[in-house]
Amino acid sequence: EDQVTQSPEALRLQEGESSSLNCSYTVSGLRGLFWYRQDPGKGPEFLFTLYSAGEEKEKERLKATLTKKESFLHITAPKPEDSATYLCAAFSGNTGKLIFGQGTTLQVKP
Amino acid sequence: GAVVSQHPSWVICKSGTSVKIECRSLDFQATTMFWYRQFPKQSLMLMATSNEGSKATYEQGVEKDKFLINHASLTLSTLTVTSAHPEDSSFYICSARDWGATGTGDPQSSYEQYFGPGTRLTVT
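Nothing here was measured: the structure is a model prediction, and the numbers come from that model.

What counts as what
- Counting starts from 1 at the beginning of each chain's written sequence and moves along it residue by residue.
- Lettering for chains starts from A, numbering for ligands starts from 1, and both go in the order in which the items are written.
- Whole-chain, interface and lining totals are the exception, using all residues; otherwise, since this is a predicted model, local features are given only for residues with pLDDT of at least 70 and side-chain atom pairs are given and counted only at 80 or more.
- Excluded from the side-chain calculations are hydrogens and water; all other atoms, namely the structure's heavy atoms, are used.
- We call two residues contacting when some pair of their heavy atoms lies within 4.5 Å.
- Once two parts are brought into contact, the accessible area they lose, counted with a 1.4 Å probe and summed over both, makes up the buried area.
- Within this document, salt bridges are pairs made up of a side-chain nitrogen of Lys or Arg and a carboxyl oxygen of Asp or Glu, the two lying within 4 Å of each other.
- For the purposes of these results, a polar contact is taken to be a pair of N or O atoms within 3.5 Å, where, inside protein, one atom must be able to donate a hydrogen and its partner to accept one; residues adjacent in sequence count only when each atom of the pair is a side-chain atom.
- The helix count covers DSSP runs of H or I at least four residues long, the strand count covers runs of E at least two residues long, and both are numbered beginning at the N terminus.
- By disulfide we mean two sulfur atoms from cysteines, separated by a distance within 2.5 Å.
- Buried means the residue's accessible area, taken with a 1.4 Å probe over protein chains only, is under 20% of the maximum for its type, while exposed means over 50%, and partly exposed covers the values in between.

**Some words on the interface of chain A and chain B**
- With 19 residues of chain A in contact, the opposing surface of chain B contributes 19 residues.
- Of the roughly 1600 Å² buried between chain A and chain B, counting both surfaces, carbon and sulfur atoms make up 58%.
- Together, Y51(A), F91(A) and F100(A) form the three largest contributors to the area buried by chain A at its contact with chain B, with a combined 28%.
- Scanning the region where chain A abuts chain B turns up 1 salt bridge.
- Salt-bridge contacts for E59(B) lead to K97(A); the nearest nitrogen and oxygen are separated by 2.6 Å.
- Counting across the chain A and chain B interface gives 7 residue pairs in polar contact (both at pLDDT 80 or more).
- Mapped by element, the contributors of at least two residues to the side of chain A that touches chain B are β4 (30-38), β5 (45-50), β9 (84-92) and β10 (97-100) of chain A.

**Overview of the side chain of N22(A)**
Residue and element names in this part refer to chain A.
- Mapped onto the secondary structure, N22 falls in strand β3 (residues 19-26).
- Among the polar contacts made by the side chain of N22, one reaches the side chain of E70 at a distance of 2.9 Å.
- The residues contacting N22, other than those within four sequence positions of it, are T5, Q6, S7, W35, E70, S71 and F72.

**A closer look at the state of the cysteines**
- Applying the stated rule across the entire model yields 2 disulfides over all chains.
- The disulfide partner of C23(A) is C88(A), and the gap between their sulfur atoms is 1.9 Å. Judged by the sign of its S-S torsion, about -60°, the cystine formed by C23(A) and C88(A) is left-handed. You can see C23(A) sitting in strand β3 and its partner C88(A) sitting in strand β9, a full 65 residues away along the chain.
- Covalently, C23(B) is tied to C94(B) through a disulfide, its sulfur atoms 2.0 Å apart. Disulfide C23(B) to C94(B): torsion about the S-S bond roughly 80°, handedness right-handed. Remark: C94(B) occurs in strand β9 (residues 90-97) and C23(B) occurs in strand β3 (residues 19-25); sequence separation between them is 71 residues. Both residues of the pair, C23(B) and C94(B), count as buried.
- Unpaired in terms of disulfides, C13(B) finds its nearest cysteine sulfur in C94(B), a separation of 18 Å.

If you want it as structure tokens, here you go:
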């Protein structure tokens, strides 16, 4: 069964304290691994797509990496405005569906 | 680019009435649109997939007669919640895949989905 699992569920960081979010996946016919940011009461905002193991992408303080079994979202020197829920999703080419993890809620304190 | 809008952003309706939510891709054509439902502090749950000009495909457990989906054009899909009840209160989010990306020679980019801002439905 296709599954995406994120950890931790919640993460509290001090401003400037770097950390990583984990996304483990078991998906048939993976066609892409996606990271989204979601603020309360809003739709998910697209961050990255990763397609093959070893691929890395960066955007400001965020860096996403991908292996054959998991993806990491590294946050370097976070700021309070980085506080949000980060969603990981995998697209299954077999089912044509995007499978979401439960999300990691990040809180960055000044 | 890749902007998806939803209207309305929030709606309150009385039990037994119907509510229509619109999802539009503003700067690209979307052959496929998706409708999700999200409960508080939970992740997105796929309700249905709609392809332009054809019937929507509903996920198991989603009542197709209650949640009517129409994808009449490459930029517009609508979700109508019929005879709404309080248990239908939720955050509804649509997403769209970029049809144009499939013709760019980069087939991988066509798997990217862009989400709308969501519609908060409250049924009283």
